[in-house]
Amino acid sequence: MTHRVMNFNAGPAGLPLPALERARDEFLDYAGTGMSIMEHSHRGKAYEAVHHEAVSLLRELLDIPEDFHVLFLQGGASQVFATVPMNFLQHGRTADYVITGGWADKALAEARIVGTPRVAANTYSDGRSSRVPTQSELSLDPSACYVHITTNNTLEGTQFHHCPETHGVPLVGDMSSDFLWRPTDVRPYGFIYAGAQKNLGPSGVTIVLVRKDFLATARMDIPKIFRFGVHADNDSLYNTPPTFAIYMVRNVLAWVKTQGGLPAIESANRRKGTLLYSTLDALSDFYRCPVEASSRSVMNVVFRLPTEALEDRFVTEATKAGMVGLKGHRSVGGIRVSMYNAVPPSAVETLTDFMRDFAKRTG
Ligand code: PMP
């Protein structure tokens, strides 16, 4: 049997085994065509069917209304940090940014190159953040072009558990690290984006959902390749898309469906979250989670041990026991457990057993 570890990587992250096995089985001869899907023309029938299946599975799973385009783009979420203001930050107007972590801050920095965004709330300073803002902490400009939030802060381990009310101003959500973690009503958003490499597939493709009325406001004075409207008009086939990455997204979405769709995915995710946070709380003399309870992320859980030496030992011993990817991001330190959709609850059970044992032995 193939050796597989318990993968807690933050992204690129572990993928569901059935999605990988399907790719393995179809790798050399896709659907009897005598070639791999990545050797097919992006304009041919075989690839086209995969492309449209991926779009329709996503529409079905998330119940995406017809007034949204579903796009598969390249350049990562980082490119969208730039292309959102290029498209939607109008001359002489502003956009509101909610700063909750390092990625939100990078999105703001790109918007500043394009125009003059405002900071509508900030819970991030000195490279740290322990919570997302409440509704009453948002100081929103009613004439802003959009409000940008980061729904899950991958580095800091915080997550919005409410959808901010923006009183008609289009909401833009960077959902890179929590897209598809549960059923989500996309209708309050004008624009949603996510790099695929956490919950959806391999790196190389970025998912964009854009509401048609918001897209209609987009600027035309930018290069065509950066216009979301051009990609929407061409069904994400304006230029060659990342065909193999989209094929893998198709496999992952098909797996989500066999699991029982997003309600089943959510209940597994909540089970994992409850198990890990309750373990941390029960052992709070040893493990310290810096995140306020109401903002705790169900996708990325961060915590510290009493010393950095113990953190290093924790990571080393966990790796030996088959649990990889637990070292916190270099900008934050500590331990980070990323528990995306493909991480089975059994892996979190093994991890929490290890945590109890480690605390007993070294605490
Ligand atoms: N936003 C968030 C919330 C992220 O977690 C990441 C990557 N981890 C990014 C943006 C940047 O994504 P990419 O590397 O795909 O550009």
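Read on for a plain summary of the structure.

Criteria and cut-off values
- Residues numbered from 1 in each chain as written.
- Predicted model: local features only at pLDDT ≥ 70, side-chain atom pairs only at ≥ 80, totals over all residues.
- Heavy atoms only, no water.
- Helix = DSSP H or I, 4+ residues; strand = E, 2+ residues; numbered from the N terminus.
- Rg over C-alpha atoms; globule rule 2.2 N^0.38 Å.
- Buried < 20%, exposed > 50% of the residue type's maximum accessible area, 1.4 Å probe, protein only.
- Contact = heavy atoms within 4.5 Å.
- Near = heavy atom within 4 Å.
- Polar contact = N/O pair within 3.5 Å; in protein donor to acceptor, adjacent residues only side chain to side chain.
- Areas by Shrake-Rupley, 256 points an atom, 1.4 Å probe, with all protein chains shown as cover.
- 1 Å grid on protein atoms, 1.4 Å probe; cavity = no way out; pocket = protein on both sides within 12 Å on 5 of 7 lines; lining within 4 Å.
- Sits in = over half its atoms within 2 Å of the grid points.
- Nonpolar A, V, L, I, M, F, W, Y, C, P; charged D, E, K, R; others polar.
- Pairing = 2+ DSSP bridges.
- Right-handed = clockwise from strand over helix to strand, strands pointing away.
- Points joined across faces, edges and corners; volume = space filled by probe spheres on them.
- Lys, Arg positive; Asp, Glu negative; His and termini not counted.
- Salt bridge = Lys/Arg side-chain N within 4 Å of Asp/Glu carboxyl O.
- Core = buried A, V, L, I, M, F, W, Y, C linked by side-chain atoms within 4.5 Å.

### Topic: the overall build of the protein
Inference 1: Across its full length, the protein holds 10 helices and 13 strands.
Inference 2: Over its C-alpha trace the protein gives a radius of gyration of 21 Å, about what one expects of a compact globule, namely 21 Å for 363 residues.
Inference 3: When the backbone C-alpha atoms are referred to their principal axes, the protein occupies close to 60 × 55 × 30 Å.
Inference 4: For the protein, the residues scored as buried account for 56% of the 363 residues in total.
Inference 5: Of the contacts made within the protein by residues no fewer than 6 positions apart, 68% connect residues no fewer than 24 positions apart.

### Looking at the site of the ligand
Inference 1: As a structural note, the neighbourhood of the ligand is formed by 13 residues, with Ser78, Thr154, Asp174, Gln197 and Lys198 the closest of them.
Inference 2: At 2.6 Å from an oxygen atom of the ligand is found a side-chain nitrogen or oxygen belonging to Ser78.
Inference 3: Side-chain polar atom of Gln197 to an oxygen atom of the ligand: 3.0 Å apart, as the coordinates give it.
Inference 4: Taking 390 Å² as the accessible area of the ligand by itself, protein coverage stands at 85%.
Inference 5: Judged by the proximity of its atoms to the pocket grid, the ligand belongs to the second largest pocket.
Inference 6: Of all the elements, helix H3 (residues 76-88) adds the most residues to the shell around the ligand, at four residues.
Inference 7: Across the shell around the ligand, the residue classes tally to three nonpolar, eight polar and two charged.

### Considering the pairing of strand E4 (residues 118-122)
Inference 1: In this sheet, E4 lies alongside strand E3 (residues 96-99) in parallel orientation, the contact comprising four bridges. Among the inter-strand pairings, Ile99 is bridged to a residue of E4, identified as Asn122.
Inference 2: Tracing the backbone out of E3, into helix H4 (residues 102-114) and back to the parallel element E4 gives a crossover that is right-handed.

### Some details on the layout of surface pockets
Inference 1: In this structure, the largest pocket spans a volume of roughly 320 Å³.
Inference 2: Lining the largest pocket we find 15 residues, and of these Arg4, Val5, Leu15, Ala342 and Pro344 sit closest to its centre.
Inference 3: Looking at the lining of the largest pocket, the elements with two or more residues in it are strand E1 (6-7), helix H1 (17-26) and helix H10 (345-362).
Inference 4: Partitioning the lining of the largest pocket into residue classes produces 11 nonpolar, three polar and one charged.

### Looking at the side chain of Arg336
Inference 1: Looking at the secondary structure, you find Arg336 in strand E13 (residues 335-338).
Inference 2: In this structure Arg336 is buried but unpaired, with Glu156 as the nearest side chain of opposite charge at 7.4 Å.

### Here we look at the nonpolar core
Inference 1: Core analysis: the biggest nonpolar cluster contains 54 residues, and Leu58, Phe179, Ile207 and Leu209 have the highest contact counts within it.
Inference 2: Sort the elements by how many residues they give to this core and helix H7 (residues 243-258) lands first, with 10 residues.
Inference 3: Apart from residues lying up to four places away in sequence, Phe179 is in contact with Leu58, Leu62, Ile192, Ala194, Asn199, Leu200, Ile207 and Leu209.
Inference 4: Counting 29 residues, the second-largest nonpolar core is a separate cluster that includes Leu280, Leu310, Phe358 and Ala359.

### As for the environment of Thr123
Inference 1: Residue position: Thr123 is located in the loop between E4 and strand E5 (147-150).
Inference 2: For the pair formed by Thr123 and Thr100, sequence separation is 23 residues and the distance between their alpha carbons is 5.2 Å.
Inference 3: Not counting the four nearest positions on each side in its chain, Thr123 is found in contact with Ile99, Thr100, Arg128, Ser129, Ser130, Arg131, Val132 and Pro133.

Nothing here speaks to function; it is geometry throughout.
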